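Each chain is listed here by its residues.
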Amino acid sequence: MLVIKGVIKAIPHTPAVPWGLHSLFSRNISSSSKLWVTNHSPPVNVDAKRALQTSERRRGTFTDRSQFKYARRLVVKLGSAVITREDEHGLALGRLASIVEQVAECHVEGRECIMVTSGAVAFGKQKLTQELLMSLSMRETLSPKDHTRADANTLLEPRAAAAVGQSGLMSLYDAMFAQYGVKIAQVLVTKPDFYNEDTRRHLFSTLSELISLNIVPIINTNDAVSPPPVAPQDLQKGGKKTISIKDNDSLAAMLAAEVQADLLILMSDVDGIYTAPPWQEGARFIHTYTSDMHDIVQFGKKSKVGTGGMDSKVEAATWALERGVSVVICNGNQEKAIKTIISGRKLGTFFTESSTAGSAPVEVLAENARHGSRTLQALSPGDRASCIFTLADLLTSRQSDILAANAKDLSEAAKSGLAKPLQSRLSLTPAKLKSLATGLRQIAESSHTNVGRVLRRTKIADGLELSQVTVPIGVLLVIFESRPDCLPQVAALALSSGNGLLLKGGKEASHSNRALMEVVKEALATVGAENAISLVSTREEISDLLSLESHIDLIIPRGSSELVRSIQEQAQHIPVLGHAEGICHVYIDNQADLDKALKIVRDAKCDYPSACNAMETLLIHSDLVQNGFFHTVCDMLKKEGVTVYAGPELSKMLTFGPPPAKSLKTEYGSLECAIEVVKGVEEAVDHIAKYGSGHTEVIITENKNTAQLFQRDVDSACVFHNASSRFADGFRFGLGAEVGISTARIHARGPVGVEGLLTTKWVLNGDGHAAADFAEGGPSTYMHESLPL
């Protein structure tokens, strides 16, 4: 419990947080008072403790956006352009109400919120304009000229407008926050308050008291009496220069640093920091800003309603960051901006230390991948093949390092309780690495005929020849869970097809992915294309990656059905290649060889039950239930440790039997499966059409006509006869590897190898030809003759 001048405040339970955030619950309540912490132990003087915490506070700043959810103390600055109407007379009430709602929600969640607000002058102008209107003569009032708007700026003195607007602004805030049961307090400040030791101490003592009483302080400069800005050279405190307070940005930065806020949100009317004024051509948005970027940024003009431009915001943000406060500059006009930022989404510009930024922003990695793709395309087929051969060799020579990294992931996965199917997919073995290397060598061999292959030649007319040739898609984003073995596979396929590649793996495979990425980078270095493939190791939310439609051309998700379905739903502007579920069926016909059937069913279900091509539903002809084969197959599955569930039709036929299946549209991904009874191949086809996911289906029969009917009528990516569903794999198909399995009906369906990562372009060669020459009565006519390749 915290005992604060007679006020008892419980310390809320909080999850594990980055170093430095624990001090939020043990910082002093005022700079002059004593705070004692009691926990059935002798009292500790927190004033003495705070000096140590403050000296080390910089280590506690956030290094990526995912940590914002741990922010407990927030300072939110509302710029004039955010809460002022376009005509500068009055407030944008809808926008302000949305911001108040978000701050109130943060407060109710247990966060400590402080607001720094503008708007008093605009609110005062609105009131005084009405007074001016009342004082006009009848002749002036009826004049078509709007005197209240045309003359207000010359008639209204800003300090007078501020004096009138301050009380109204706070009344408005009070009414809005009251809707959420939140108490507020107004704190009017002037610049000298921060440079006079007595007023400074009282100011922050007041703020600490308000926070301890669960009240949201709303701070505004007292523009009615505010003196001219203090010269920067005069701003000295304790031998250290402080920030010059010349606008609400610098005021918010000063407050955030003094109260040891975790996060400062500067809300403006622009999205954040650009490399140049955003209206200029070529201006690029900066999602993550570090101090070493200052030289590449050109600042634009100030807002017409605010006193601070973007340069002052960057100065204030950088100053606060140096004092242990994380900062985001964002557009306050965007819906739910505060909640979006706290959730970790990529909104606005995040200020972080260059030494702790982790890795390059994902936009930079994507742009590098674009340039890297051009480098790969320019290579000879032999160079691309050589690079893949090198990667295959490195998988073998670096096996011990890769397996050691994988062992760390497996150990952490076991401790965290990761699901068994995911642990199985996570595991790497010498056999897997050997198989990977073999597949990569197959890809390398095929690399000589991939990019630039002529698919069609047409003679349009004499001297006018058209060719269709294969080209890379561009930049791929592959998102995968658990399976680190897909990293070198996909990298090899991207190399072979000349595509740039971004890889986003799950945190459960972080050690393995980094080890594998090191060998990929080493192989790329042999052809001068190190940046063509990158591992996105920052904690970007997947939804943020899916917004990079200007950088990414195709998304390929590999993982759970929940992951794939989520990506398919969120990726509105980028094509997605993949499958959400692998509900694979095996149908045993009444004319099947039952020994073959047992062998195929065992392999399809038990060889690798967590694979997407494993059998999930076994369909049995009703004749096989009557002759006892059903019991034989159940006994076999039971010996293999498979849990069996009965479909509705099977349950009707049995007095005692397996428990009923909750759904026949289930991907178990483990040693479980459903069994259902059908009366023939037509019912089997109908069942698959109703419950299947379009992945892989198998028929076991000795009747070729029945098999042909099944393979013709089943609409899935892979349809097999007398072979296990486990053959639905890029390596087993001879593709070398697969980037994924597609159940879509686009150019790539089933296991997707190199060809699925290529598109085409049309190349036309002429000799001064014009379309008008082929008009009726013109000198030229179309021939459209097919030419040999």
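The structure we're discussing is the one just above.
Quick caveat, the model's predicted, so the values are computed rather than measured.

Conventions used here
Residues numbered from 1 in each chain as written. Predicted model: local features only at pLDDT ≥ 70, side-chain atom pairs only at ≥ 80, totals over all residues. Heavy atoms only, no water. Helix = DSSP H or I, 4+ residues; strand = E, 2+ residues; numbered from the N terminus. Buried < 20%, exposed > 50% of the residue type's maximum accessible area, 1.4 Å probe, protein only. Contact = heavy atoms within 4.5 Å. Areas by Shrake-Rupley, 256 points an atom, 1.4 Å probe, with all protein chains shown as cover. Core = buried A, V, L, I, M, F, W, Y, C linked by side-chain atoms within 4.5 Å. Pairing = 2+ DSSP bridges. Axes fitted to C-alpha atoms, helices over the stretch in contact; angles between N-to-C directions. Parallel < 35°, antiparallel > 145°, perpendicular 65-115°, else oblique. Left-handed = near helix turned anticlockwise from the far one by under 90°. Nonpolar A, V, L, I, M, F, W, Y, C, P; charged D, E, K, R; others polar. Patch = residues over 30% accessible without salt bridge, like charges linked within 9 Å, V, L, I, M, F, W, Y side chains within 5 Å. Salt bridge = Lys/Arg side-chain N within 4 Å of Asp/Glu carboxyl O. Expected span 1.5 Å × (residues − 1). Phe/Tyr/Trp six-rings, centres within 6.5 Å; stacked < 30°, edge-to-face > 60°.

Colleague: Can you walk me through the overall build of the chain in this structure?
Modeller: A tally of regular secondary structure across the chain gives 27 helices and 32 strands. Classification of the 789 residues of the chain by burial places 52% in the buried group. Of the contacts made within the chain by residues no fewer than 6 positions apart, 73% connect residues no fewer than 24 positions apart. For the chain, the accessible area works out to roughly 35400 Å², and carbon and sulfur atoms hold 52% of it.

Colleague: Looking at this structure, I do not really get the nonpolar core. What am I missing?
Modeller: Looking at soluble globular proteins, one finds that nonpolar side chains tend to be buried together. With 52 residues, the main nonpolar core has Val478, Leu487, Leu501, Leu503, Val520, Ile533 and Val739 as its most contacted residues. Broken down by secondary-structure element, the contributors of at least two residues to this core are helix H14 (381-397), helix H17 (430-446), strand S19 (475-480), helix H18 (486-497), strand S20 (500-505), helix H19 (510-525), strand S21 (533-535) and strand S22 (554-558). Per-element tally for this core: the top contributor is H18, with eight residues. Beyond its immediate stretch of four places on either side in the chain, Val739 contacts Val478, Val490, Leu493, Ile556, Arg558, Val752 and Leu757. By size, the runner-up hydrophobic cluster in this structure holds 41 residues, among which are Leu74, Val76, Leu91 and Leu96.

Colleague: Whenever I open this one, the sheet that holds strand S11 (residues 263-268) confuses me. Can you help?
Modeller: Either a parallel or an antiparallel arrangement is found when strands of a sheet pair, and the pairing is made through backbone hydrogen bonds. The eight strands lie next to each other as S7-S8-S6-S5-S11-S15-S16-S14, forming an open sheet whose pairing is mixed. One side of each edge strand has no neighbouring strand; the edge strands of this open sheet are strand S7 (183-189) and strand S14 (288-289). For S14 and strand S16 (residues 349-351), the ladder comprises two bridges, and the chain directions are parallel. For Tyr289, the partnering residue across the bridge sits in S16 and is Phe351. Relative to the sheet, helix H9 (residues 197-212) contacts strand S5 (73-78), strand S6 (112-117), S7 and strand S8 (215-221), its axis offset from that of S8 by approximately 150°.

Colleague: Where do I start with the packing of helix H3 (residues 93-108) against helix H8 (residues 158-178) in this structure?
Modeller: The description of two packed helices rests on the angle between their axes and on the distance between the axes. Remark: H3 packs on H8, axes separated minimally by 10 Å, with the N-to-C direction vectors making an angle of 55°. Comparing their axes, H8 and H3 come out oblique. H3 and H8 meet at a crossing whose hand is right-handed. Across the interface between the two elements, Leu93, Leu96, Ala97, Val100, Val103 and Ala104 of H3 pack against Leu172, Tyr173, Met176 and Phe177 of H8. Its residues assigned to classes, the contact of H3 with H8 comprises 10 nonpolar, no polar and no charged.

Colleague: Looking at this model, I keep getting lost on a nonpolar patch on the surface. Mind explaining?
Modeller: Where nonpolar side chains cluster on the molecular surface, the patch consists of Phe727, Phe733 and Leu735 and spans about 260 Å² of accessible area. Looking at the secondary structure, you find Phe733 in the loop between strand S28 (718-721) and strand S29 (740-742).

Colleague: Sorry, what's going on with the pattern of salt bridges here?
Modeller: Once their charged atoms are close, side chains differing in charge can pair, the charge on each being opposite to the other. Counted under the stated rule, the structure contains 24 salt bridges. With a shortest N-O distance of 3.2 Å, Asp198 and Arg201 are connected by a salt bridge. Highlighted residues: Asp198 and Arg201, both in helix H9, separated by three residues, approximately one helical turn. For Asp198, a relative accessible area of 44% puts it in the partly exposed group. The residue Asp715 makes a salt bridge to Arg749 at a minimum N-O spacing of 3.0 Å. Pair noted here: Asp715 is in the loop between helix H27 (704-713) and S28 and Arg749 is in the loop between S29 and strand S30 (750-752), with a separation of 34 residues, a long-range link. In this structure Asp715 comes out as partly exposed when scored by relative accessible area, which is 45%. Among the charged side chains, a network of salt bridges with common partners joins Glu105, Glu109, Arg111 and Lys339.

Colleague: Would you explain H14 in this entry?
Modeller: Because an α-helix completes one turn every 3.6 residues, residues spaced three or four positions apart along the sequence face the same direction. Counted at 1.5 Å a residue, the expected span for H14 with its 17 residues is 24 Å, and the 25 Å between its end C-alpha atoms agrees. Within the sequence span of H14, burial applies to Arg384, Ala385, Cys387, Ile388, Leu391, Ala392, Leu394 and Leu395. Elements that come into contact with the buried residues of H14 comprise helix H13 (362-378), helix H15 (399-416), H17, H18 and H19.

Colleague: Looking at this structure, I do not really get the packing of aromatic side chains. What am I missing?
Modeller: What characterises a pair of aromatic rings is the spacing of the ring centres plus the angle enclosed by the ring planes. Counted according to the given criterion, the structure contains nine aromatic pairs. With a centroid separation of 5.1 Å and 90° between ring planes, the pair formed by Phe68 and Phe350 is classed as edge-to-face. With Phe68 in the loop between helix H1 (46-55) and S5 and Phe350 in strand S16, this residue pair connects regions lying 282 residues apart in the sequence. By relative accessible area, which is 2% here, Phe350 ends up buried. Ring centres of Phe774 and Tyr782 lie 4.3 Å apart, and the angle between their planes is 15°; this geometry places the pair in the stacked category. For Phe774, a relative accessible area of 13% gives the class buried. Using a relative accessible area of 47% as the deciding quantity, one classes Tyr782 as partly exposed. Three or more aromatic residues link up through ring pairs in this structure, and these residues are Phe62, Phe68 and Phe350.

Colleague: In this structure, what is going on with the packing of H17 against H18? I would like to understand it.
Modeller: Running from amino to carboxyl end, H17 crosses H18 at an angle of 5°, the nearest separation of the two axes being 10 Å. On the basis of the axis angle, H17 is roughly parallel to H18. Along the contact surface, H17 presents Leu436, Leu440, Ile443 and Ser446, while H18 presents Pro488, Gln489, Ala492, Leu493 and Ser496. By residue class, the composition of the contact of H17 with H18 is six nonpolar, three polar and no charged.

Colleague: So what exactly am I meant to see when it comes to the environment of Phe480 here?
Modeller: Mapping Phe480 onto the fold places it in strand S19. A relative accessible area of 3% places Phe480 in the buried class. The sequence separation of Phe480 and Val564 amounts to 84 residues, and the corresponding C-alpha distance is 9.3 Å. Here Phe480 is in contact with Cys486, Leu487, Leu503, Lys504, Gly505, Gly506, Asn513 and Arg558, once residues within four sequence places are set aside.

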